[in-house]
Amino acid sequence: MHRLAQSLYRPVTIDQQKVVLIPEVVGTVPITEQHEYVELVGATNTRPAINVRESDIEMARESYPGVQVFGLWHTLMESGAINYNHTLQVVKGSEGDGFYLCCEVGRASYSGVYEAGFFAADASFSLNDAGYIDPMLEELLLPEQEAKLAKEILGQRKAESRAAWVRFAVMLSAILLLGGLTDLALKFFYSHQYATLENKSVLLDTVKSGLNELRTTRLTEVPNDSAALRRIASLWALDNALRSKPGQSMQLKTLRFHAPNIQSDPSALFPWIKAIPNPNGSWSLSFIRGSL
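Heads up: these notes are all about the structure in this document.

## With respect to the overall build of the protein
- The helix and strand inventory of the protein stands at 6 helices and 14 strands.
- For the protein, restricting intrachain contacts to residue pairs at least 6 apart in sequence, the fraction spanning at least 24 positions comes to 56%.
- Working note: accessible area of the protein is about 17900 Å², and carbon and sulfur atoms make up 55% of it.

The following block contains the structure:
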């Protein structure tokens, strides 16, 4: 068995950190097995999404408590060990057995397991044409994202959403407080100036006229945009780099945003959002205020 295959399912040191590597699935998981998997990382311009079997994560954690678990292919890709221009690449296990990755048009397409030199996904594949992947562990770099269970991912997203909402609420409170202090300061300044101009009837008449005009044009109701703000906060929790469309105001019926760092379709989390993927991996998002 080759060096890299021997490192699976057992603690190894990568990037000065003790971890456990487990094989995962690059590309689509069969429908009959989808309930067993959780997404490890979303799709990029060089590969589809990578999914990992939850039972593999649990087995590694039970065998080695406290040791982080990472995906084999994810780690190899993050370490630059994959040649996307080579159609068939393998991580060799025992003689004739191992794991393979298929690349098409300069992009990873799907992964799988081969046995006795036979590739179930494509009978035309041959080990004679394969590129072997077997880097030294010292050459590898760990991805930012470790393998997590679905309930952990959901909990993390909820925690990030709550934290983002708290930050938003604190910022909004600070703005309101600053506005209140400014209003008090302006009132004090106005009162002081008004006292010095009390005996100037012409200016006083001008001020009274202005006040009467304000009474006729003031708002009778304070606009309530709290529902829209909560939805904006939810999007901000997914991507702190969220940007609003230039020139946009809260009076518009449809609010539009640009999210450069969201990795998966946000409409799966929020049915009220319309999400359009961009070629560079970012998302164009919009929702209708009237549907709140």
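## Examining helix α2 (residues 54-63)
- Among the residues of α2, those classed as buried are Asp-56, Ile-57 and Ala-60. The buried residues of α2 occupy an angular sector of 100° when the element is viewed end-on, so they sit on one face.
- Looking at the buried side of α2, the elements it contacts are β2 (17-22), β4 (37-41), β5 (50-53) and β6 (68-71).

## Looking at the sheet that holds strand β14 (residues 283-288)
- Taken together, the 4 strands give an open sheet; going across it, the order is β11-β12-β14-β13, and neighbouring strands pair in antiparallel fashion. If you trace the sheet from one side to the other, it starts and ends with β11 (243-244) and β13 (274-277), each paired once.
- In terms of strand pairing, strand β12 (residues 254-259) meets β14 through 6 bridges, oriented antiparallel. Considered in β14, the bridge of His-258 is made with Ser-284.
- Where helix α6 (residues 226-238) meets the sheet, it contacts β12 and β14, and its direction lies at approximately 160° from that of β14.

## Description of the sheet that holds strand β9 (residues 107-114)
- Spatially, the 4 strands line up as an open sheet ordered β9-β8-β7-β10, and their pairing is mixed. Edge positions in the sheet fall to β9 and β10 (131-132), since each has one partner strand and no second.

## Quick look at the nonpolar core
- The biggest cluster of nonpolar side chains holds 37 residues, and the ones touching the most others in it are Trp-73, Leu-76 and Ile-82.
- Put simply, the parts of the chain that give this core at least two residues each are β1 (11-14), β2, β4, β5, α2, β6, α3 (72-78) and β8 (98-104).
- Among the nonpolar cores identified, the runner-up in size contains 14 residues, and Ile-232, Phe-270, Ile-273 and Trp-283 belong to it.

## Examining the packing of aromatic side chains
- Scanning the model with the defined rule gives 8 aromatic pairs in all.
- Taken together, a centroid distance of 6.4 Å and an interplanar angle of 90° make the contact between Tyr-100 and Tyr-110 edge-to-face. Pair noted here: Tyr-100 is in strand β8 and Tyr-110 is in strand β9, with a separation of 10 residues, a long-range link.
- A relative accessible area of 22% places Tyr-110 in the partly exposed class.
- Judged by centre distance (4.9 Å) and plane angle (25°), the ring pair of Tyr-114 and Phe-119 falls under stacked. Across the pair, exposure class does not vary: Tyr-114 and Phe-119 are buried alike.

## A closer look at a nonpolar patch on the surface
- A cluster of nonpolar side chains, Leu-177, Leu-181 and Leu-184, forms an exposed patch at the surface whose accessible area comes to about 310 Å².
- Relative to the helices and strands, Leu-177 is located in helix α4 (residues 150-196).

## A short note on the pattern of salt bridges
- One pass over the full model with this rule turns up 3 salt bridges.
- Linking Glu-36 and Arg-53 is a salt bridge whose minimum nitrogen-to-oxygen distance equals 2.3 Å. Linking Glu-36 in the loop between β3 (25-26) and β4 with Arg-53 in strand β5, this pair joins segments that are 17 residues apart in sequence.
- The partner of Lys-92 in a salt bridge is Glu-95, and the shortest N-O contact between them spans 3.5 Å.
- Since its relative accessible area comes to 70%, Glu-95 is described here as exposed.

Here is what the cut-offs are and how they apply
- Residues numbered from 1 in each chain as written.
- Predicted model: local features only at pLDDT ≥ 70, side-chain atom pairs only at ≥ 80, totals over all residues.
- Heavy atoms only, no water.
- Helix = DSSP H or I, 4+ residues; strand = E, 2+ residues; numbered from the N terminus.
- Contact = heavy atoms within 4.5 Å.
- Areas by Shrake-Rupley, 256 points an atom, 1.4 Å probe, with all protein chains shown as cover.
- Buried < 20%, exposed > 50% of the residue type's maximum accessible area, 1.4 Å probe, protein only.
- Arc of directions from axis to C-beta.
- Pairing = 2+ DSSP bridges.
- Axes fitted to C-alpha atoms, helices over the stretch in contact; angles between N-to-C directions.
- Core = buried A, V, L, I, M, F, W, Y, C linked by side-chain atoms within 4.5 Å.
- Phe/Tyr/Trp six-rings, centres within 6.5 Å; stacked < 30°, edge-to-face > 60°.
- Patch = residues over 30% accessible without salt bridge, like charges linked within 9 Å, V, L, I, M, F, W, Y side chains within 5 Å.
- Salt bridge = Lys/Arg side-chain N within 4 Å of Asp/Glu carboxyl O.

By themselves these figures say nothing about function.
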